[in-house]
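# Reading the structure
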Number of protein chains: 2
Amino acid sequence: MLNSADAAFLDSLPPHLLRPVAPADVEEPRGRWTGQGAAVAMPRTPEDVAQILRACASARVGVVPRAGGTGLVGGQLMPEGPAPLLLSMERMARIRAVHADEAVIEAEAGVILSDVHAAAEAVGRIFPLTLASQGSARIGGLLGTNAGGVNVLRYGNTRDLVLGVEAVLADGSILHGLKRLRKDNTGYDLRHLLIGSEGTLGIITAASLRLFPRPATEGAALLAVEGPEAALSLLALAEARLPGMISAFELIHRQGLDFLRETLPQVRQPFDVPPEWSVLIDLGLPHGIDPQEALVDLVEAAGALVQDGVIAQSGNQRAELWALRESIPLANRRIGAVSSHDIALPPSLFPAFIAEANAALARIDRFRINCFGHLGDGNLHYNVFPCPGSSRADHDHQREAVKTCVHDIVHRMGGSVSAEHGIGRLKVKDLERYAEPAKLAAMRAIKTALDPSGILNPGAVLR
Amino acid sequence: MLNSADAAFLDSLPPHLLRPVAPADVEEPRGRWTGQGAAVAMPRTPEDVAQILRACASARVGVVPRAGGTGLVGGQLMPEGPAPLLLSMERMARIRAVHADEAVIEAEAGVILSDVHAAAEAVGRIFPLTLASQGSARIGGLLGTNAGGVNVLRYGNTRDLVLGVEAVLADGSILHGLKRLRKDNTGYDLRHLLIGSEGTLGIITAASLRLFPRPATEGAALLAVEGPEAALSLLALAEARLPGMISAFELIHRQGLDFLRETLPQVRQPFDVPPEWSVLIDLGLPHGIDPQEALVDLVEAAGALVQDGVIAQSGNQRAELWALRESIPLANRRIGAVSSHDIALPPSLFPAFIAEANAALARIDRFRINCFGHLGDGNLHYNVFPCPGSSRADHDHQREAVKTCVHDIVHRMGGSVSAEHGIGRLKVKDLERYAEPAKLAAMRAIKTALDPSGILNPGAVLR
């Protein structure tokens, strides 16, 4: 059992590393619950982090790491148990180096994602990790949760963008792993073990990140399709014609467009009548291929697969199509979901999944379902909302049943119940329900081996 | 301390799973030393592997896994200690499924790499892992060592091509992780921990592997450049003009061409006078870009960077250029290296490294140095040979000094002393010398946690 970070413990740390807890430090991004903490530690260096962790290990006090605080599964918030120390990366927000010729940037855990984007652009390159919260999400949290986003199809998950990490382990030892190597087979890959472990195996303090060439030209189209099956056929066609040039392939359901009209009427929609299903396809192309031409050719080749659509004729129009896609989560929030699901499946199973999940939920109650997201990555958000005239609260008693219903189908089809958000504290029971015992046992053995006192983000991922 | 796999132990296993050890089971690919084993176990299923590992754990008998046996660092060969059981994947050689529409293939650990290539081609796709031993290397070993090869620049290391693994842990529990998901953030990434662990943390029995679109057209050129610095500039230019379309970028030194003329005169060389340095650039292009034109344009844009060269005008000519590149290791073997080094560096440091290492070795003795390989991945083979008139044996007493001299420089420059071959048993001391204590301690803690009896590939990676 851990101890609370009491006054005596706090006195053992240098005062310049501490500040009191502010309300923003313990806020859940959607306002759903509140975390707690005895104080906030603000290290400037990995050595500061090492000192803090050694003190915590010795006093058996839990540490909850915090970067941008945008996570949706509560990995950054501990609502109960002995008051932990909050470990904020706010002062470790330096870009340490930009190796333009090697396409590598070294950023500390507190650097905001959009600042990495800017630093990459300053040397004519891109850092492709792109998600709605990029103005506040920080590198430490993005790596801790192996964040996804809209460009995974082309560039991979966060872990695929990381060449090396600097991290502090529970005993205060420092891994100086900021390598800039594409190949390194010297022992176990601790980088990939730490990435996605949500601060439970070590604290990532900096990372060397891969940059990519900026595509010469970009283009986008919003295309109406008959359904998810047609969307998958269109994706296969696009990948065959434009291999490695599709930056994003996003599925949109009419429900999302309806929510937008209802809650954010200022967001421009290109269709007079919202199509039942549509896809936003985004291209990044080399010199010599014109994006509008490529999209026109694709639509022609697609024949009856594409029922209607618009091809962006300018950067502004492309930005408008993206604004529509990226406003959907906000519209969802304004409507208020009964339950949201961040699921991955083998892509070919999505049509069957959607049909089966819709039918299963209809047996529970009447709902509105907004199913949308990163079809190109096999990752959709399948979110369940009340019908007009009823509220979130009316369905409180069904929330658990709705979630279990959806997740059970996903699991049976070989899918994941957390594609890109992680486990945090919100999905610990899901992990216990769906992970096979051998995986859980191996995870527990690794956790005990690397954090024997259990001080690192206690209760997250495993309990 | 482990026990030998004696007669009583072997009697505890079903006879149909065992065969006697054949000489080929314990041969080092270059004939440098011999392994040992009491018997060969030949499982057909992961359950067979589980039964074998449980027996080994209970009797404290070591298990040395063996796939294609092509590894160059002795991970598959145990020359001393209590006689282990050899675990051969020869009977687990089934391609379980090809999901053509999802671009995924599920292959058992004993499948030979070229058979995966053929299965991918049969559905119009490619599996991009390509290396000289592909006709005998098997999936289990390729994953166990996180093999590299010539296409890492474009497609990544082996680990980047793997969506999921099925594996058996030391306690006989089975991880059924053959996922076909692009995104899955449900707990620690055991897949990446097992890949590259060389059979010391678990036995990989099958994997789901990513397939890729076959490029519409391909092309290659062999271009003479002034030196490694010019080669890097040419690479940067090529990446800017043809982003994501360069499949390989290989550096070749005159020494390799001289060795070819000396030992394999039948291999055609395009240059009358071998250039001091050259690069083999290979392109895979989408519809609409002609490879010859793209290479001519690149050479024109490169100006003085390219001094001479040939652009393949046909598939046959491209194959000839590749035959030249891929014959260099055989020529090296015929000459007989004093010491070979598989090193990675931040690419921009290669010119300085080569100058410094050449000068440092000249202080030890007169050598011929063949420095070649995957410059596009920041991975070169820096191999040291006797001068004419002296032999490998004449330098036996200097071998350790040569290796340490080269590796010390690599380490000081932030590089890796095993870029793509792994640690095996040959480089255990190098890992101890160059890995930082925190990394070694974490690796040991993980090894103890997952294999408390130390039965899995004892003495490999860690001792």
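What you see is a predicted model, and the numbers here were worked out from it, not measured in a lab.

What follows is about the overall build of chain A. A tally of regular secondary structure across chain A gives 14 helices and 18 strands. Its C-alpha atoms give chain A a radius of gyration of 23 Å, near enough to 23 Å, the size a compact globule of 463 residues would have. For chain A, the proportion of its 463 residues judged to be buried stands at 61%. Within chain A, residue pairs in contact and separated by at least 24 positions form 75% of the contacts whose partners lie at least 6 positions apart.

Moving on, we come to helix α8 (residues 254–263) of chain A. Turning to α8(A), its buried residues are A:Q255, A:G256, A:L257, A:F259, A:L260 and A:T263. Here the buried face of α8(A) lies against β13 (246–253), α10 (315–335), β17 (367–374) and β18 (379–386) of chain A.

What follows concerns the domain arrangement of chain A. Residue and element names in this part refer to chain A. The domain boundaries assigned to chain A delineate domain 1 (95–213), domain 2 (215–335) and domain 3 (336–421). The C-alpha centroid of domain 2 is placed 29 Å from the C-alpha centroid of domain 1. Residue-level contacts link seven residues of domain 1 with 11 residues of domain 2. Counting the surface lost from both domain 1 and domain 2, the interface buries some 790 Å², and carbon and sulfur atoms represent 53% of this. The three residues of domain 1 that bury the most area against domain 2 are V150, L153 and R154, which together make up 72% of that side's buried surface. The tally of links from domain 1 across to domain 2 stands at zero salt bridges. Put simply, domain 1 and domain 2 have four residue pairs in polar contact (both at pLDDT 80 or more) between them. In terms of residue class, the side of domain 1 that touches domain 2 is made up of five nonpolar, one polar and one charged.

All right, on to the UniProt feature "domain: FAD-binding PCMH-type" (unreviewed entry) in chain A then. UniProt records the feature "domain: FAD-binding PCMH-type" (unreviewed entry) for residues 33–214 of chain A in the present numbering. Strand forms 24% of residues 33–214 of chain A and helix 21%; the C-alpha atoms that close the span are 40 Å apart.

Counting residues at the interface gives 72 residues for chain B, matched by 72 residues for chain A. Contact between chain B and chain A buries roughly 5700 Å² in total, counting both sides, with carbon and sulfur atoms accounting for 60%. Interface area lost by chain B to chain A is led by B:K183, B:N185 and B:Y188, which between them contribute 19%. Counting across the interface, chain B meets chain A through 34 residue pairs in polar contact (both at pLDDT 80 or more). In terms of residue count, helix α14 (residues 437–450) of chain B provides more of the side of chain B that touches chain A than any other element does, nine residues in total.

Thresholds, definitions, all that
Here the residue numbers are simple positions, counted from 1 along each chain's written sequence. Chains and ligands are labelled by the order in which they are written, letters from A for the one and numbers from 1 for the other. Two thresholds apply to this predicted model, a pLDDT of at least 70 for residue-level local features and 80 or more for giving and counting side-chain atom pairs, whereas whole-chain, interface and lining totals are computed over all residues. Excluded from the side-chain calculation are hydrogens and water; included are all heavy atoms of the structure. Segments assigned H or I by DSSP are reported as helices when at least four residues long, segments assigned E as strands when at least two residues long, and all are numbered from the N terminus. As defined in this context, the radius of gyration uses C-alpha atoms, and a globule is described by 2.2 Å times the residue total to the power 0.38. Each residue is placed in one exposure class: buried if its accessible area under a 1.4 Å probe, protein chains only, is under 20% of its type's maximum, exposed if it is over 50%, and partly exposed if it falls in between. Here, two residues are considered to be in contact whenever any of their heavy atoms come within 4.5 Å of each other. Where each domain begins and ends follows an automated or database-derived domain assignment. Values labelled buried area give the accessible surface lost by two parts on being combined, using a 1.4 Å probe and summing over both. Here a salt bridge means any side-chain nitrogen of Lys or Arg lying within 4 Å of a carboxyl oxygen belonging to Asp or Glu. Polar contact is defined as a pair of N or O atoms within 3.5 Å, subject to the rule that within protein one atom must be able to donate a hydrogen and the other to accept it, and that residues adjacent in sequence are counted only when both atoms are side-chain atoms. Any residue outside Ala, Val, Leu, Ile, Met, Phe, Trp, Tyr, Cys, Pro, Asp, Glu, Lys and Arg is labelled polar, Gly included; the first ten of those are nonpolar and the last four are charged. UniProt positions are given in the numbering used here, feature names are shortened, and annotations may be inferred rather than shown by experiment.

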